[in-house]
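Architecture and fold: a report
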Amino acid sequence: MQSRVALVTGGTGGIGTSIVKRLAAMGHRVATNYRDESRGREWQARMKDAGVDVAMAHGDVSSPEDAERLVRDIEQQLGTVEILVNNAGITRDSTFHKMTPQQWNDVICTNLNSCFNVTRPVIEGMRARKWGRIVQISSINGQKGQYGQANYAAAKAGMHGFTISLAQENAKFGVTVNTVSPGYIGTDMVMAVPEEVRNKIVAQIPTGRLGTPDEIAYAVAFFVPDEAGWITGANLSANGGQYMGW
Ligand code: NDP
């Protein structure tokens, strides 16, 4: 397989780290962002010890200016971005009647606006080269909704609307655009949920366990090879059978 330049946003997180490792194992040159330099460099050194070289650039993906700078920095280090995984995300849970504008905006800006902010500076390069792969990391809760997550569910459902529109606009240019919708994965984001609530969640998963970051990385990797060039506008659920709708 040809070695490509891949940018994974939020690559230092639980799922992101697995995606970075998997794309690197496929022979791609991988980059990600950091917000806190010392934590970012520490993670980069750990990856290097594990045999994975990752290019890094500073950037908050909720800011269009930062995202553009981040992309240009990565391009200087590695070349034109050919694979983009929009993975960075946060939760700020609250029932809607108590939700603050800040909780709403933080989640929409980080999970959804970031897709615009980071994809916009890479899309022209992909179209010009007639090859590109864009994968959004959405969520089961964008498919089925979730108590206490009106902001997150709206952002994650919006990511899929973004995917299917971009897929139509860019298919003729060899650029595929797809979504992976993970169910509950045992990362910090989910381990922060109180154990009692987590046990109730696991009880609803037919496989009887949380997913692993590597299982999500596998789903992302599925969309990347040349052989996947006819798969665009798809949403791949990776959720242990918890939700079997679209
Ligand atoms: P983590 O909290 O482990 O990682 C999130 C990553 O995103 C971190 O690298 C974080 O960087 C980065 N990030 C957050 N905000 C920003 C920002 N404004 N700008 C740049 N980077 C940012 O989360 P997960 O690995 O669990 O989640 C990854 C994705 O998967 C998210 O989109 C999440 O919504 C989705 N998901 C997760 C599920 C799960 O069960 N864990 C289930 C379904 C979907 P920093 O260290 O700077 O905060």
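Residues numbered from 1 in each chain as written. Predicted model: local features only at pLDDT ≥ 70, side-chain atom pairs only at ≥ 80, totals over all residues.

A word on the UniProt feature "domain: Ketoreductase" (unreviewed entry) in the protein chain. The sites that carry the UniProt feature "domain: Ketoreductase" (unreviewed entry) are, in the present numbering, residues 4–183. The span residues 4–183 carries 53% helix and 18% strand; its end-to-end C-alpha distance comes to 28 Å. (UniProt positions renumbered as here; feature names shortened; annotations may be inferred. Helix = DSSP H or I, 4+ residues; strand = E, 2+ residues; numbered from the N terminus.)

Here helix 1 (residues 14–25) spans 17 Å end to end across 12 residues, near enough to the 16 Å set by a 1.5 Å rise per residue. Most of helix 1 sits out of view: nine of its 12 residues are buried. Buried within helix 1 are the following residues: Ile 15, Gly 16, Thr 17, Ser 18, Ile 19, Val 20, Lys 21, Arg 22 and Leu 23. At the exit of helix 1 stands Gly 27, carrying a positive phi of roughly 100°. (Expected span 1.5 Å × (residues − 1). Buried ≥ 20, exposed ≤ 12 C-beta atoms within 10 Å, placed from the backbone.)

Where helix 3 (residues 64–78) meets helix 4 (residues 101–129), the closest approach of the two axes is 9 Å, and the angle between their N-to-C directions is 40°. Judged by the inter-axis angle, helix 3 sits oblique to helix 4. Remark: the crossing between helix 3 and helix 4 carries right-handed chirality. Contacts between helix 3 and helix 4 involve Pro 64, Ala 67, Glu 68 and Val 71 from the former and Ser 114, Asn 117, Val 118, Pro 121 and Val 122 from the latter. In the contact of helix 3 with helix 4, the residues fall into six nonpolar, two polar and one charged. (Axes fitted to C-alpha atoms, helices over the stretch in contact; angles between N-to-C directions. Parallel < 35°, antiparallel > 145°, perpendicular 65-115°, else oblique. Left-handed = near helix turned anticlockwise from the far one by under 90°. Contact = placed C-beta atoms within 7 Å. Nonpolar A, V, L, I, M, F, W, Y, C, P; charged D, E, K, R; others polar.)

Glancing now at the site of the ligand. Near the ligand, the surroundings consist of 28 residues, among which Gly 10, Gly 13, Ile 15, Gly 89 and Thr 187 are the closest. Residue composition of the shell around the ligand, grouped by class: 10 nonpolar, 14 polar and four charged. (Near = placed C-beta within 6 Å.)

The seven strands lie next to each other as 3-2-1-4-5-6-7, forming an open sheet whose pairing is parallel. Single-partner strands in this sheet number two, and they are strand 3 (54–58) and strand 7 (235–238). Each strand axis lies, on average, 20° off the axis of its neighbour in the sheet, ignoring direction. In this sheet, strand 6 (residues 175–182) lies alongside strand 5 (residues 132–137) in parallel orientation, the contact comprising six bridges. Paired with Gln 136 across the strands is Thr 179, a residue of strand 6. Sitting on the sheet, helix 6 (residues 150–170) touches strand 5, strand 6 and strand 7, and the angle it makes with strand 6 is about 160°. Contacts from helix 9 (residues 213–222) reach strand 4 (83–86), strand 5, strand 6 and strand 7, with the element oriented near 160° to strand 7. (Pairing = 2+ DSSP bridges.)

Right, let's talk about the pairing of strand 6 for a bit. A large share of strand 6 lies buried, amounting to eight of its eight residues. Going residue by residue along strand 6, you find Val 175, Val 177, Thr 179 and Ser 181 tucked away on one face and Thr 176, Asn 178, Val 180 and Pro 182 tucked away on the opposite face as well. Pairing between strand 6 and strand 7: four bridges, direction parallel. Bridge pairing links Ser 181 to Ser 237 in strand 7.

Moving on: the packing of helix 4 against helix 6. The contact between helix 4 and helix 6 brings their axes to 9 Å, and the two run at 15°. In terms of axis orientation, helix 4 runs roughly parallel to helix 6. Crossing of helix 4 against helix 6: the hand is right-handed. Seen from helix 4, the contacting residues are Gln 103, Trp 104, Val 107, Ile 108, Asn 111, Leu 112, Cys 115 and Arg 127; seen from helix 6, they are Asn 151, Tyr 152, Ala 154, Ala 155, Lys 156, Gly 158, Met 159, Phe 162 and Asn 170. When grouped by side-chain class, the residues that make up the contact of helix 4 with helix 6 number 10 nonpolar, five polar and two charged.

Another aspect to go through is unusual backbone geometry. The phi angle at Lys 130 is positive, at roughly 60°, despite the residue not being glycine. Along the chain, Lys 130 falls in the loop between helix 4 and strand 5. Lys 130 sits in the exposed class, given 10 other C-beta atoms within 10 Å.

Along strand 1 (residues 5–8), one buried face is formed by Val 5 and Leu 7 and the opposite face, lined by Ala 6 and Val 8, is buried too. The pairing of strand 1 with strand 2 (residues 29–34) spans four bridges and is classified as parallel. Pairing of Leu 7 across the sheet is with Ala 31, part of strand 2. Note that the unit made of strand 1, helix 1 and strand 2 has a crossover that is right-handed. Inspection of the sheet shows strand 1 paired to strand 4 by three bridges, in the parallel sense. When the sheet's bridge partners are listed, Leu 7 is paired in strand 4 with Leu 84. (Right-handed = clockwise from strand over helix to strand, strands pointing away.)

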